Every structure is written in structure tokens, then in C-alpha cells.
Amino acid sequence: MHLTIPLPKLLRRVLLASVGLAIYAFGNYLTIKADIGQSPWNVFTLGLTNYIPVTYGQMSIIVSFLVVATDLLLREPIGVGTLLDAVLVGAFYDLYDSWNLVPVIENFWLGLVVMVAGLVVLSYSEYLYMSACLGCGPRDALMVGVGKRLKRLPIGMVSIVISLVVCAAGWLLGGSVGLGTLIFLVCNGLVMQAVFRLIHFEPRDLKHVGLHQMLTRKVSSPPAEE
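All values derive from a computational prediction rather than experimental measurement. (Residues numbered from 1 in each chain as written. Predicted model: local features only at pLDDT ≥ 70, side-chain atom pairs only at ≥ 80, totals over all residues. Heavy atoms only, no water.)

Glancing now at the overall build of the protein chain. Secondary structure assignment for the protein chain yields nine helices and zero strands. Put simply, the protein chain runs from its N terminus to its C terminus through helices and strands in the order α-α-α-α-α-α-α-α-α. Counting all 226 residues of the protein chain, 45% fall into the buried class. The long-range share in the protein chain, meaning contacts at least 24 apart out of those at least 6 apart in sequence, stands at 80%. For the protein chain, the exposed surface amounts to about 11,900 Å²; the carbon and sulfur share of it is 69%. (Helix = DSSP H or I, 4+ residues; strand = E, 2+ residues; numbered from the N terminus. Buried < 20%, exposed > 50% of the residue type's maximum accessible area, 1.4 Å probe, protein only. Contact = heavy atoms within 4.5 Å. Areas by Shrake-Rupley, 256 points an atom, 1.4 Å probe, with all protein chains shown as cover.)

Okay, here's the thing in C-alpha cells:
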């Protein structure tokens, strides 16, 4: 059933997504400061900063909007949450970095602990962000779009292929690849699943609102708000 969302409820969901993305940026910040190898997309983003004189956060925003453009070319729906993701993760990262909240970790074992802590924070932030039901992140939409065109591959394999391609490109650009990269590839999904089970969250039950629906103010109410 389609309902019209009252403006206060709409703003509340935008605020929830924004808080989730702020926390996501901090989790991402931790994984970078761990300095034992970056996630595939961070390898790519940091690699680009070797050639373009901007901050990590600014490059993250640029890359995110390039991915959004690709999503649109693949005819994938995007939402307000998609655009918030593209802007806020990079902006909050630069804010945390300017505050120097966490120095670059020089001890490997401490870096390993910080990396795992970052993965837990990322997983909890995904719960908050997805609960707002305002659309997938740019990279998730890309995975779905590519997956629709490679129907013989399981969606998990599509995600791995995209990650490997992005990681290889980033490595060629001088991005940092290490044990942390492998940990992210292997453990990110497992940690997320564990956190979601702990808080009894099932993302597949949510109904996201696309940008077109938002503009027409016709949306489906998510289960969490029933």
C-alpha cells in the first residue's frame, strides 16, 4: 500500500541516515588509520590521491559521484540516501582527520585490533543507514546493476569481482594493499552478519524509497515504522 509520508517523518529518516553515515565514516576512518592494508575501495581512492592533490574525503566524494553516474547509466534507481552517502562519508572522514582523533597505528597487532573495531562500527552504521530506507549506497547499487547483467554469477561473486577490479586498479595507482585488505574481503560480511543477528536486524525486510518516489512524496512505509 502506498502512503504519503509526513514531512517530520521524512526529516527523521534523513536524520537517521545522516547519523548512520557519520558513524560509517568513523568506522572507515579506523580501518584506514589501522594502516595494515586498506579495503578495496579505499585502496582505489587513496591511490588516486597520489595523482590528484585533494584530501581522502574529497576524493571519496568524487569517486562516489562517478559511481552514482555509473548507476544511472545502468538504470539503477537511486535515493536521497544514495546522494547522502556520496557526500557525507567523505566529508565526515575529513572532519575526523582534521581533529586527529586517531593517529596512524604503527604497531601491527594494535592495527589489527583497530581494523576489527572499524569493521564492527561499519556494520552497526549500516544498520542505522539502511533502517532509514532511503536507497542503497552508490557501490551497492553498482553491484546490483552489474549483477543484473551477469546473471550467471551469484551476487556475492559479483561483489568479489568488483572489489578485485577496484583493488587492482588502486594498487596500480599506488594504494596500500596488505593483510587489512584480505581481512576486509573475508571478514566484513561475517562481522556484519554477526552484528545484524545480535541486534535482530534483517535488511531484506526493508522497502527503500527511490528519489522519484521521494519527489512525488509517494512511498511505501518500511516495516520498522509500522
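Read on for the rest.
Reading fine detail from the predicted coordinates is not recommended where pLDDT is low. Of the residues in the protein chain, 89% have a pLDDT of 70 or more, and the chain-wide mean is 87. Within the protein chain, helix α9 (residues 211-216) has the poorest average pLDDT of any element, 65, and helix α2 (residues 40-48) the best, 97. (pLDDT = per-residue confidence, 0-100.)

Tracing the backbone through its elements, the reader meets S123 in helix α5 (residues 108-131). With near-sequence residues (within four places) excluded, S123 lies in contact with N188, V191, M192, V195 and F196.

Here we take up unusual backbone geometry. Backbone geometry places C133, a non-glycine residue, at a positive phi of 55 degrees. Relative to the helices and strands, C133 is located in the loop between α5 and α6 (138-149). Residue H200 is not a glycine yet carries a positive backbone phi of 55 degrees. Its place among the elements puts H200 in the loop between α8 (179-198) and α9.

Here the focus is the layout of surface pockets. Reported here for the largest pocket is a volume of approximately 1,600 Å³. Lining the largest pocket are 46 residues, and of these E126, D140, M143, N188 and M192 lie nearest its centre. Elements with a contribution of two residues or more to the lining of the largest pocket: α1 (7-34), α2, α3 (56-73), α4 (80-99), α5, α6, α7 (155-172) and α8. Looking at which element gives the most residues to the lining of the largest pocket, the answer is α8, with nine residues. Partitioned by chemical class, the residues of the lining of the largest pocket number 24 nonpolar, 15 polar and seven charged. (1 Å grid on protein atoms, 1.4 Å probe; cavity = no way out; pocket = protein on both sides within 12 Å on 5 of 7 lines; lining within 4 Å. Points joined across faces, edges and corners; volume = space filled by probe spheres on them. Nonpolar A, V, L, I, M, F, W, Y, C, P; charged D, E, K, R; others polar.)

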